[in-house]
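One letter stands for each residue in the lines below.
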Amino acid sequence: MAAAATHADPALHAPEEARRPSRGAKVSGPQDPAAIAAARKSAKDTAAAEQARAVQASRDADAALLAKASAEADALRAARVARETELSLGSGVRSFPDVPLVSSSDAGVNIADFYAGRSVLITGGTGFMGKCVVEKLIRSCPRIDRVYLLVRRKGQHTPQERVNAMLESELFASARQRTPDFAQKVVALPGELTEERLGLSDNDYELILNRVSIVLHVAATVKFNEKVKTAVEVNVLVVKRMMEMCRLMRNLVLFIHVSTAYAHTNRDFIEETVYPPTFDPEKLIEVVSYLDIDMAESLSKHFVGTRPNTYTFTKSIAEALVASHSADVPVAIVRPSIIGSTWKGPIPGWVDNFNGPA
């Protein structure tokens, strides 16, 4: 027992006051809750700071890209004055140059005679307006040569299957009675408007260049809340590609672009003229092309300006793009307002969906 006592901790024999920690002293060690909590908080703060720096770096990179796009957009807007000078005519509007839309031999002929022996290319031919145009041409212009419809595949249905189903609908009942084999004149051309050369095969593209005399460009995205990148691609870029094709067509008589009566809602009074665009169409296409859909959307208000939506904005830009080619291509721009159901023919009040035509 004596030997064991000699190895005991001397501190155990110290007075209790000496062994008691002084007031205000901090006890440290692996089991100290305060020290553990402080270490955890420090590690958490360090991780949070690193994460914040990473987030900020990502934001800085996005901001740099956005600043570049904004600078491009500002440059386009700054060039507007020069563009207006180029396109304006006296009062700040532009009329088409004096280019005949038809040859002198067509002067005074009626509509059926004008289309006789000629072939037509229609985009958007499976939409509500397109269907009505196809039906009217087949029913009222029996001597028309061919009606080519540029159609994309939809699900499991090929372009020709989609067209066949359309021609079998009740809308074409009157045409079937007059000309039972009329469907032979309606030909589907597989394509995708947003792709190079409209997504057409080499043979179909060459067929259009050689055989088509009249082009009706009806296709468009008509969503008021469409993303600006998509709206520019469908309503402006596609028009550019259509015009490029028309310049190569050997027998082109007329290119008809379907716009909208609301393309220039930023004006108090609208005349039958093409107004200077707020952005150069070619530059707008270029700027939007290198932005992803979200980045472009962040600049949507900058592009659209005082117009109510991307639809009216892109339609106004498309008009200017068509007009810029009017010295070389015979063009016409149609500005329909809200499209309602059919009036009298072929079926009074016909519309093909429960939501109405719009």
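Right, let's walk through the structure included here. Since this is a predicted model, take the numbers as computed values, not measurements.

Rules used in this analysis
- Residues numbered from 1 in each chain as written.
- Predicted model: local features only at pLDDT ≥ 70, side-chain atom pairs only at ≥ 80, totals over all residues.
- Heavy atoms only, no water.
- Helix = DSSP H or I, 4+ residues; strand = E, 2+ residues; numbered from the N terminus.
- Buried < 20%, exposed > 50% of the residue type's maximum accessible area, 1.4 Å probe, protein only.
- Contact = heavy atoms within 4.5 Å.
- Areas by Shrake-Rupley, 256 points an atom, 1.4 Å probe, with all protein chains shown as cover.
- Pairing = 2+ DSSP bridges.
- Axes fitted to C-alpha atoms, helices over the stretch in contact; angles between N-to-C directions.
- Parallel < 35°, antiparallel > 145°, perpendicular 65-115°, else oblique.
- Nonpolar A, V, L, I, M, F, W, Y, C, P; charged D, E, K, R; others polar.
- Phe/Tyr/Trp six-rings, centres within 6.5 Å; stacked < 30°, edge-to-face > 60°.
- Lys NZ or Arg CZ within 6 Å of the ring centre and 35° of its normal.
- Salt bridge = Lys/Arg side-chain N within 4 Å of Asp/Glu carboxyl O.
- Arc of directions from axis to C-beta.
- Polar contact = N/O pair within 3.5 Å; in protein donor to acceptor, adjacent residues only side chain to side chain.

Now for the overall build of the chain. For the chain, the count of helices and strands is 14 helices and six strands. With 358 residues in all, the chain has 38% of them scored as buried. Partitioning the intrachain contacts of the chain with sequence separation of at least 6 by distance along the chain shows that 79% fall at a separation of at least 24. Accessible area for the chain stands at about 20,400 Å²; split by element, carbon and sulfur atoms hold 54% of it.

What follows covers the sheet that holds strand E4 (residues 212-217). By definition, the strands of a sheet pair up through backbone hydrogen bonds, in either a parallel or an antiparallel sense. Pairing within the open sheet is parallel, and its six strands lie in the order E3-E2-E1-E4-E5-E6. Where the open sheet ends on each side, the last strands, each with one partner, are strand E3 (186-190) and strand E6 (331-334). Shown here is a sheet whose adjacent strand axes are inclined to one another by a mean of 20°, direction ignored. Both strand E1 (residues 119-123) and E4 contribute to a ladder of five bridges, which runs parallel. Residue pairing for E4: Ile122 is matched across the bridge by Leu216. The sheet contacts of helix H7 (residues 159-167) involve strand E2 (147-151) and E3, and relative to E3 the element is tilted by about 150°.

Let us look at the packing of helix H11 (residues 281-289) against helix H14 (residues 310-324). Where H11 meets H14, the closest approach of the two axes is 9 Å, and the angle between their N-to-C directions is 130°. In terms of orientation, H11 lies oblique with respect to H14. Residues Pro281, Glu282 and Leu284 of H11 touch H14, and the partners they reach there are Phe313, Ile317, Ala320 and Leu321. Split into classes, the residues belonging to the contact of H11 with H14 amount to six nonpolar, no polar and one charged.

Let's shift gears to the packing of aromatic side chains. Under the defined criterion, the tally for this structure stands at six aromatic pairs. Of the aromatic side chains, those joined through ring pairs into one cluster are Phe279, Phe303 and Phe313. Lying across the ring of Phe114, Arg118 places its NZ or CZ 4.7 Å from the centre. Above the plane of the ring of Tyr205 lies Arg197, whose end atom (NZ or CZ) is 4.0 Å from the centre.

Looking now at the pattern of salt bridges. Within the structure shown, the criterion is met by 15 salt bridges. Of the charged contacts, one joins Arg250 and Glu206 as a salt bridge, the two residues approaching to 3.3 Å between their closest N and O atoms. One end of the pair, Arg250, is in the loop between helix H10 (228-246) and strand E5 (254-258); the other, Glu206, is in helix H9 (residues 202-211), with 44 residues separating them in the sequence. Residues Glu286 and Lys283 are paired through a salt bridge, measuring 3.9 Å at the closest nitrogen-oxygen approach. Linking Glu286 with Lys283, this pair stays in helix H11, spanning three residues, or about one helical turn. Shared partners join several salt bridges into a network, and the residues in it are Asp145, Arg146 and Arg211.

Attention now moves to H7. Among all positions of H7, only Pro159, Val163, Met166 and Leu167 are buried. Considered in projection along H7, the buried side chains sweep an arc of 95° and stay on one side of the axis. Buried residues in H7 make contact with helix H6 (128-140), E2, helix H8 (173-178) and E3.

Looking at the secondary structure, you find Asn210 in helix H9. Under the relative-accessibility criterion, Asn210 is labelled partly exposed at 34%. C-alpha of Asn210 to C-alpha of Met249: the two residues are 39 residues apart in sequence and 6.5 Å apart in space. Beyond its immediate chain neighbours, meaning those up to four positions away, Asn210 contacts Arg250 and Asn251. A polar contact of 2.7 Å, which involves the side chain of Asn210, links it to the side chain of Arg250.

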